[in-house]
Amino acid sequence: MKKLSFLILSLFAFSFVFVACDPEDKPNVDDIVEDGFYVVGEATAVANLTAEGANKAIMAVGFNEVLQSKDGVTDEEKVSAACQRAGMYEKYIVLEGGKPFSLVLKEGKEETKYGATLEAVELGGVDEQPNITVQKGVLAENTTMQVSETGLYHIVLDLNLNNDLPNKLILVAPVTLGVRGDMNSWGFSEMASSEINKNTITYTIEDQELPVGGKFKFAYGGGWKIQLDEEGLVKANTNLGKDLKPGAGNIAVEAAGLYKITLTYTLAQGDINSSFSYTAELTQASSMPENMYMTGTDFGGWTWGSEGIVSLVPVHSAAGSFWTIKYLKAGNGMKFSEINIKDDWSKSFAGLGENIGFSFDGEGNAVVAEDGIYMIYVDSKNNKLAIEPAKVYLTGEALTGGWGNEAAEFLFTAEGNQLASPLFTSGGNLRIFAASSVATTDWWTREFNVFDGKIEYRGAGDDQAAVAVTAGQKVTLDFNAGTGTIQ
């Protein structure tokens, strides 16, 4: 009898455990409305915290771009907890024009509604901000806000927990998404938007030309960051990089060619990148050369693959364009090729459709009329070849002329087979670039510097390391030897 009772009790206990573990009795995690700030109201897809999908309206933890910009912070670290700001929140969300919305703080069972009297502020692209008009205000309880036009908005909130701002601040920025990268010399190209929906929007842009390893980011309004306060103590990123995280490293493609890029926004819970996904589809492989070489009487002795062959530098953000500076002797011929293989002249040429600054000798080689230091620029896309007297300029902190200024006072001058800069007018970081009459991109796409006595070119890479100089110094360059001195 005891055995039978024990068996019955055991079966009862087992059935209790079985019933208690039934998956149907578990709460749906997606329906849980956690503590935090929410963007809700008639203007959004979520009317209130009891509405279906209310969890999707929660704001993400904010990252202060000011912290991300500090020296020593790498791209991988830019979205780390070290850059979070206590009391700062962000959200990308669609707002319907003319309808109210508010920010609701949920703390347990308690809900507090916040809003603000918003005022228009024109940013104008100042300090790398978007060239847009935003709405700013001071957070207040038991009120609402609204925007005039329906669209996607970036909402940034700071509760001033550090007591370094004048008040609890809110910013509402209209989002016009686009791409910035090697396809447009890191300018801004707006993407086309699908019909605006409160839950999802698709953005597309086609025929974007990128080189091998080409890089880009998504951004809105042509900016990189946006200031919440006048002093700029708190800034939110307005760009999406690697893994679609704000302020992260660049997105890169593997192959050269034309791309169709699609970015999809979906209202979602979680970090900012939870609301975005993208594709970069190669629609046409590039016909542009990936490399360019030069040989001739003074460069490799007309033998491809030999020592002395010149490898031209790729122009940043300009597929098929290359450049080099060399001291050339009058009448000594040159040819170019996208391949550097011994005895293979199948891709060689001495001129293109438009030839500038040089002529041809009796054997069809490119020649210059006078000895001197020349800028050689090959633009395969536009079928141009220019060999012109080199124009190299100082720029940036070592001068007072701003960035990319091609004024005569910043021009290097020839000293024999070398180029020497003007004296630095102030201390700071040295930056140098080469100009060409056929160049189509910004000055920094042909930038280089001197490191440990050697000339190193930026090419298609990122910013070079800083080179500190003092007032009264100058830099001297020997391009044929590949060396430079700063003294």
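Residues numbered from 1 in each chain as written. Predicted model: local features only at pLDDT ≥ 70, side-chain atom pairs only at ≥ 80, totals over all residues. Heavy atoms only, no water.

**A word on the overall build of the chain**
Next up, step 1: Per the secondary structure count, the chain includes two helices and 41 strands.
Next up, step 2: Relative to a compact globule of 487 residues, whose C-alpha radius of gyration would be 23 Å, the chain shows 30 Å and is clearly more extended.
Next up, step 3: Counting only C-alpha atoms, the chain reaches 110 × 65 × 45 Å along its principal axes.
Next up, step 4: Counting across all 487 residues of the chain, residues that qualify as buried make up 47%.
Next up, step 5: The contacts in the chain between residues at least 6 apart in sequence include a share of 66% that link residues at least 24 apart.
Next up, step 6: For the chain, the accessible area works out to roughly 23200 Å², and carbon and sulfur atoms hold 48% of it. (Helix = DSSP H or I, 4+ residues; strand = E, 2+ residues; numbered from the N terminus. Rg over C-alpha atoms; globule rule 2.2 N^0.38 Å. Buried < 20%, exposed > 50% of the residue type's maximum accessible area, 1.4 Å probe, protein only. Contact = heavy atoms within 4.5 Å. Areas by Shrake-Rupley, 256 points an atom, 1.4 Å probe, with all protein chains shown as cover.)

**Section: the sheet that holds strand 31 (residues 384-389)**
Next up, step 1: Pairing is mixed across the open sheet formed by five strands, whose spatial order is 24-25-30-31-27. Edge positions in the open sheet fall to strand 24 (313-314) and strand 27 (354-356), since each of these has one partner strand only.
Next up, step 2: Two elements, strand 25 (residues 321-328) and strand 30 (residues 372-379), share eight bridges in a ladder whose sense is antiparallel. Bridge assignment links Trp323 to a residue of strand 30, and that residue is Tyr377. (Pairing = 2+ DSSP bridges.)

**Remarks on the pattern of salt bridges**
In a structure, side chains of opposite charge can pair up when their charged atoms sit close to one another.
Next up, step 1: On inspection of all chains with the given rule, the structure shows 15 salt bridges.
Next up, step 2: Put simply, Lys225 and Glu65 hold a salt bridge, and the shortest N to O gap is 3.2 Å. With Lys225 in strand 16 (residues 225-227) and Glu65 in helix 2 (residues 65-68), this pair connects stretches of sequence that are 160 residues apart.
Next up, step 3: According to the relative accessible area criterion, Lys225 is buried, its value standing at 11%.
Next up, step 4: With a closest N to O distance of 2.9 Å, Asp463 and Arg458 form a salt bridge.
Next up, step 5: Residue classification places Asp463 among the exposed positions, given a relative accessible area of 56%.
Next up, step 6: Here Arg458 falls in the buried class, since its relative accessible area comes to 12%.
Next up, step 7: Among the charged side chains, a network of salt bridges with common partners joins Arg431, Glu447, Arg458 and Asp463. (Salt bridge = Lys/Arg side-chain N within 4 Å of Asp/Glu carboxyl O.)

**Quick look at the confidence of the model for the chain**
Next up, step 1: Looking at the chain, pLDDT values average 91 and 91% of them are 70 or higher.
Next up, step 2: A low-confidence stretch, residues 1-23 (pLDDT under 50), is modelled with one contact involving residues beyond four sequence positions or located in other chains.
Next up, step 3: Every residue in residues 25-29 scores below 50 in pLDDT, and together they form one contact with partners more than four places removed in sequence or on other chains. (pLDDT = per-residue confidence, 0-100.)

**Looking at the environment of Ala116**
Next up, step 1: If you trace the backbone, Ala116 turns up in the loop between strand 5 (110-115) and strand 6 (119-122).
Next up, step 2: In the structure, Ala116 is positioned 55 residues away from Leu171 in sequence and 9.7 Å away in space, judged by C-alpha atoms.
Next up, step 3: With residues near it in sequence (within four places) discarded, Ala116 still touches Gly137, Val138, Leu139, Thr143, Thr144, Met145 and Ile170.

**Focus: the sheet that holds strand 21 (residues 276-285)**
Next up, step 1: Taking strand neighbours across the sheet as the criterion, the four strands line up as 13-14-20-21 in an open arrangement whose pairing is antiparallel. What marks the edges here is a single partner per strand, and that holds for strand 13 (192-193) and strand 21.
Next up, step 2: Examined bridge by bridge, strand 20 (residues 257-266) and strand 21 share nine bridges and lie antiparallel to one another. Bridge pairing links Tyr259 to Leu282 in strand 21.

**Quick look at the side chain of Lys136**
Next up, step 1: By the element assignment, Lys136 lies in strand 7 (residues 133-138).
Next up, step 2: Although buried, Lys136 forms no salt bridge, and the nearest oppositely charged side chain, Asp229, lies 7.1 Å from it.
Next up, step 3: Within polar-contact distance, the side chain of Lys136 engages the backbone oxygen of Gln227 at 3.0 Å.
Next up, step 4: In contact with Lys136, other than residues within four places in its own chain, are Thr117, Leu118, Glu119, Val121, Ile170, Leu171, Gln227 and Leu228. (Lys, Arg positive; Asp, Glu negative; His and termini not counted. Polar contact = N/O pair within 3.5 Å; in protein donor to acceptor, adjacent residues only side chain to side chain.)

**Overview of the side chain of Ser102**
Next up, step 1: The topology assignment puts Ser102 in strand 4 (residues 102-107).
Next up, step 2: Ignoring any residue separated from it by four or fewer positions in sequence, one finds Ser102 in contact with Tyr38, Val39, Val40, Lys113, Tyr114, Thr143, Thr144 and Met145.

**Side note on the pairing of strand 1 (residues 36-40)**
Next up, step 1: Of all the five residues making up strand 1, five are buried; the element is thus mostly covered by neighbouring parts of the structure.
Next up, step 2: In this structure, strand 1 lies alongside strand 4, joined through five bridges in antiparallel fashion. Bridge pairing in strand 4 links Phe37 to Leu105.

**Topic: the environment of Ser306**
Next up, step 1: Checked against the element boundaries, Ser306 lands in the loop between strand 22 (293-296) and strand 23 (310-311).
Next up, step 2: With a relative accessible area of 24%, Ser306 lands in the partly exposed category.
Next up, step 3: Distance from Ser306 to Ala192, taken between C-alpha atoms, is 50 Å for residues 114 residues apart in sequence.

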